[in-house]
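Structural description and commentary
Chain by chain, the residues:
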Amino acid sequence: GTTTLRRVSHFFLPFQPTSFNRTMASHIVGYPRMGPKRELKFALESFWDGKSSAEDLQKVAADLRSSIWKQMSDAGIKYIPSNTFSYYDQVLDTTALLGAVPSRYNWNGGEIGFDTYFSMARGNASVPAMEMTKWFDTNYHFIVPELGPDVKFSYASHKAVTEYKEAKALGVDTVPVFVGPVSYLLLSKPAKGVAKTFDLLSLLDKILPIYKEVIAELKEAGATWIQFDEATLVKDLEAYQLEAFTKAYSELESACSGLNVIVATYFADVPAEAFKTLTSLPGVSGYTFDLIRGEQTLALIKSSFPSGKYLFAGIVDGRNIWANDLAGSLTVLESLEGVVGKDKLVVSTSCSLLHTAVDLVNETKLDDEIKSWLAFAAQKVVEVNALAKALAGQKDEAYFSANAAAQASRKSSPRVTNEAVQKAAAALRGSDHRRATNVSARLDAQQKKLNLPILPTTTIGSFPQTIELRRVRREYKAKKISEEEYVKAIKEEISKVVQLQEELDIDVLVHGEPERNDMVEYFGEQLSGFAFTANGWVQSYGSRCVKPPIIYGDVSRPKAMTVFWSSLAQEMTKRPMKGMLTGPVTILNWSFVRNDQPRFETCYQIALAIKDEVEDLEKAGITVIQIDEAALREGLPLRKAEHGFYLDWAVHSFRITNVGVADTTQIHTHMCYSNFNDIIHSIINMDADVITIENSRSDEKLLSVFREGVKYGAGIGPGVYDIHSPRIPSMEEIYDRVNKMLAVLETNILWVNPDCGLKTRKYGEVKPALQNMVTAAKKLRAEL
Ligand code: GLN
Ligand code: ZN
């Protein structure tokens, strides 16, 4: 743990001076907790499994914190965050701070321990977990506070103070970071049994006294700065919500006297109204702004930044893995110096580094050229400080010129630019790309060919991934088994899956995706323009991390990616075998995307590559092709005004993939969420023949869209059972649900399928569940 980290920080600092100018103004909004090799993940999981003690876990956590603080301190960062470490989630930490434990966890007051904390996060044998939802537009998920008029708040977690003291004992004076009181409430939901209309902001008066308690303790411990993250300020807020900020910070002003207060915003620009509110907050010394995302922040700062306040300029991107263009940043920063004053400008990250990978030093698979284009969290800390030093007149020329050389090589590298791809993608703009025949006529043509029963049954793609299967893939990758052996093993697996589906009497089959580790990685590895890291993990929720591929260049498809397996699977059965692809928007949204061209440009390029694959599958005799867009909704921008533009190019990209197929080829898509009421018209606009969607937890929500009279003519398969749970749904329950759907949807467009892929389930669960599903469909058919 610790030693590795310390070595890491020096490795990338060949030009580090031996003494630091402590007045250098640099700040980090927040730092990843997981550790460079996911040390926290493994410590958590081993603790949860009962394989290690609470002390073991605490030791790993303390080592991580100390190495992170030391690393930032060694790099010369002036404002180093604390309390950004978390055993699970910073919003849950705030819930603990406030003692807002839902009653079902039977907490008896006092300091909240691991038991209560992890029960809220993950549930326990008798009570389910609290709900989890996406943190703004990132892939990080937080635990949603459940609040109501009866919650008795109390100061129930001293974590922030303990961590502040812990850092201090290590010789590092930190800035304790909190989820701000107003954002905390705005991110909450009314608890079960509380009216949906309950005004969560009415709880402000009840939580502020606890914020005051912790502030007082921090002051006593010697803190001189404190940071409140109020990123909800970048969302579309109403006047009464903005007023809550004024109220909260007026109320906290005296408690904070003697402390410098930073209010942090990130992920987008702050709308003009909110900017006014924010910069007028009483008792605040400085603000962080995201200078990477959003367009108007610089203009607002230049026209109306309040005098005498600190500007923490978020110029190093916390959400990407690209090295900063230091020369460009320096120009921007110098122009800001003129606005806010030399002594009030602090160089910072655009947001917490939680959303980027941890440390480039552990990348052994990447070649040096690509590596020179990248900066993970550890490297971004160094960039922030290098910029601060340059502003202070101590520019590290060698470091800057190495950076300039890397920027230049990225611009001119033939690995990045592929003229033909650029041209083809540019030609797409402006046109519609829509299949010539309308969807109902296409469905008729397809039915003639496929001859499916009404309420056709299918699954979403993957079948259980056994340990044995993972071993085969791993050994093939490591060249421990030959291609021949690998193909044989995968073929056997496909054959088993096909046979099982025939036995179950499913109508449209899948091959089970045994050759895929991950639905994006599998395609990324076969496309040009993608790179893969060994340790570029980013926390998704709790101990779960994702390792997004890096799209560094123009995307093209050197050769067919799935045709071999799909045709082999089709040969095993007379029933239609679905070709199985991941759509361009999902590949984009689950990757680290290049920042040297607009996102839509990259998406169009991926769309063209997938289009080639779709057409190759069709040529190989595959008549049903599913193009998953699991993550289409995830890409929605934070502010409504920007939704239209995103949805336009996202949906266009999807249509591009299949505009070239015959009417008789049936295009399916799949989405991993059911709350699409607000984007239903875009979904219809995708013009797929059949859409299968997650629906397990929200029949009503989904059906209400159709009840409200939205005209929907394509095939639709709302998941009839939840695949995230090991529970086996009964035949009756599935029957009832499909019956309910039939009340609002035409009989001839309804499909019967699970919520999502079956990859994480066991065969012992999958077989009876699918059996019940097919039986329910048959019973309904007989009655119709
Ligand atoms: N076809 C994929 C599977 O079944 C879809 C997964 C997803 O939607 N997340 O695994
Ligand atoms: Zn899904």
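Cut-offs used in this document
Residues numbered from 1 in each chain as written. Chains lettered and ligands numbered in written order. Predicted model: local features only at pLDDT ≥ 70, side-chain atom pairs only at ≥ 80, totals over all residues. Helix = DSSP H or I, 4+ residues; strand = E, 2+ residues; numbered from the N terminus. Expected span 1.5 Å × (residues − 1). Buried ≥ 20, exposed ≤ 12 C-beta atoms within 10 Å, placed from the backbone. Arc of directions from axis to C-beta. Contact = placed C-beta atoms within 7 Å. Pairing = 2+ DSSP bridges. Axes fitted to C-alpha atoms, helices over the stretch in contact; angles between N-to-C directions. Near = placed C-beta within 6 Å. Nonpolar A, V, L, I, M, F, W, Y, C, P; charged D, E, K, R; others polar. pLDDT = per-residue confidence, 0-100. Right-handed = clockwise from strand over helix to strand, strands pointing away. Core = buried A, V, L, I, M, F, W, Y, C linked by C-beta atoms within 7 Å.

Looking now at helix H8 (residues 204-220). Every α-helical turn comprises 3.6 residues, leaving residues that sit three or four positions apart pointing alike. For H8, spanning 17 residues, the distance from its first C-alpha to its last is 24 Å, which sits close to the expected 24 Å at 1.5 Å a residue. Within H8 the residues assigned to the buried category are Ile207, Ile210, Tyr211, Val214, Ile215 and Leu218. Each buried residue of H8 lies within a common arc of 145° when the element is viewed along its axis, so the set occupies one face. Opposite the packed face of H8, turned more than 90 degrees from it, sit the exposed residues Asp205 and Glu220. On its buried face, H8 is in contact with helix H4 (90-97), helix H6 (159-169), strand E5 (174-179), helix H7 (181-186), strand E7 (225-229) and helix H9 (239-253).

This part covers the sheet that holds strand E9 (residues 286-290). Ordered in space as E1-E5-E7-E8-E9-E10-E11, the 7 strands form an open sheet in which the pairing is parallel. Two strands lie at the open edges of the sheet, namely strand E1 (80-82) and strand E11 (345-349), each paired on one side alone. Across this sheet, the average inter-strand angle for adjacent strands is 30°, counted without regard to direction. Relative to strand E10 (residues 310-316), E9 runs parallel, the two being bridged by 5 bridges. In the sheet register, glycine 286 faces E10, and the bridge partner there is tyrosine 310.

Once that is clear, we can look at the site of ligand 1. If you check the shell around ligand 1, you find 13 residues, and the closest are Ile460, Gly461, Ser462, Ala630 and Gly757. Its residues assigned to classes, the shell around ligand 1 comprises 6 nonpolar, 4 polar and 3 charged.

Here we take up unusual backbone geometry. The phi dihedral of asparagine 106 is positive, around 50°, even though this residue is not glycine. Along the chain, the position of asparagine 106 falls in the loop between H4 and helix H5 (114-122). Judged by local crowding, asparagine 106 falls into the exposed class, with 11 C-beta atoms found within 10 Å. Phi angles above zero are rare outside glycine, and lysine 479 is one such case at about 60°. Its place among the elements puts lysine 479 in the loop between helix H18 (467-477) and helix H19 (483-504). Its 8 C-beta neighbours within 10 Å are what place lysine 479 among the exposed residues.

All right, on to the sheet that holds strand E15 (residues 550-556) then. Pairing between the strands of a sheet is mediated by backbone hydrogen bonds and can be parallel or antiparallel. With mixed pairing, the 3 strands of this open sheet are ordered in space as E12-E15-E17. Each end of this open sheet is capped by a strand with a single partner; those strands are strand E12 (528-531) and strand E17 (592-593). In the sheet, E12 pairs with E15 via 3 bridges, with the strands oriented antiparallel. Of the residues in E15, the one forming a bridge with serine 528 is serine 556. The strands touched by helix H23 (residues 599-619) are E15 and E17; relative to E15, the strand with the most contacts, the crossing angle is about 50°.

Next up on the list: the confidence of the model for the chain. Per-residue pLDDT for the chain has a mean of 94; in total, 96% of the residues score no lower than 70. In the model, residues 1-22 has pLDDT below 50 throughout and makes 34 contacts with residues more than four positions away in sequence or in other chains. Across the predicted assembly, pTM comes out at 0.94 and ipTM at 0.99.

With that out of the way, let us pick up the pairing of E9. Burial runs high along E9: 5 of the 5 residues are buried. Alternating residues of E9 divide into Gly286, Thr288 and Asp290 and Tyr287 and Phe289, and every residue in both groups is buried. Strand direction decides the pairing type here: strand E8 (residues 260-264) and E9, joined by 3 bridges, are parallel. The residue of E9 that forms the bridge with valine 263 is tyrosine 287. Assessed by its sense of winding, the connection that carries the chain from E8 through helix H10 (residues 272-279) to E9 is right-handed. After leaving E9, the chain enters helix H11 (residues 297-304) and then returns to the sheet as E10, a path that is right-handed.

With that settled, consider helix H15 (residues 397-412). The terminal C-alpha atoms of H15, which comprises 16 residues, lie 22 Å apart, in line with the 22 Å expected from a rise of 1.5 Å per residue. Every buried residue of H15 is listed here: Tyr399, Asn403, Gln407 and Arg410. The arc enclosing the buried residues of H15, seen along the axis, measures out at 70°, which places them on a common side. Exposed residues pointing more than 90 degrees away from the buried face of H15 are listed as Glu397, Ala398, Ser401, Ala405, Ala408 and Ser412. Against the buried residues of H15 lie helix H12 (326-340) and helix H14 (377-391).

Counting residues in hydrophobic clusters, the biggest one holds 224 residues, and the most contacted among them are Leu311, Ala313, Val347 and Leu387. Residues in contact with leucine 387, not counting those within four places in the same chain, are Ile315, Leu326, Ser329, Leu330, Leu333 and Val347.

Mapped onto the fold, methionine 130 is located in the loop between H5 and strand E2 (132-134). Under the C-beta neighbour-count criterion, methionine 130 is labelled buried, with 25 such atoms within 10 Å. Residues methionine 130 and isoleucine 143, 13 residues apart in the sequence, show an inter-C-alpha distance of 6.3 Å. Ignoring sequence-local partners within four residues, the contact set of methionine 130 consists of Pro102, Met120, Ile143, Val144 and Glu146.

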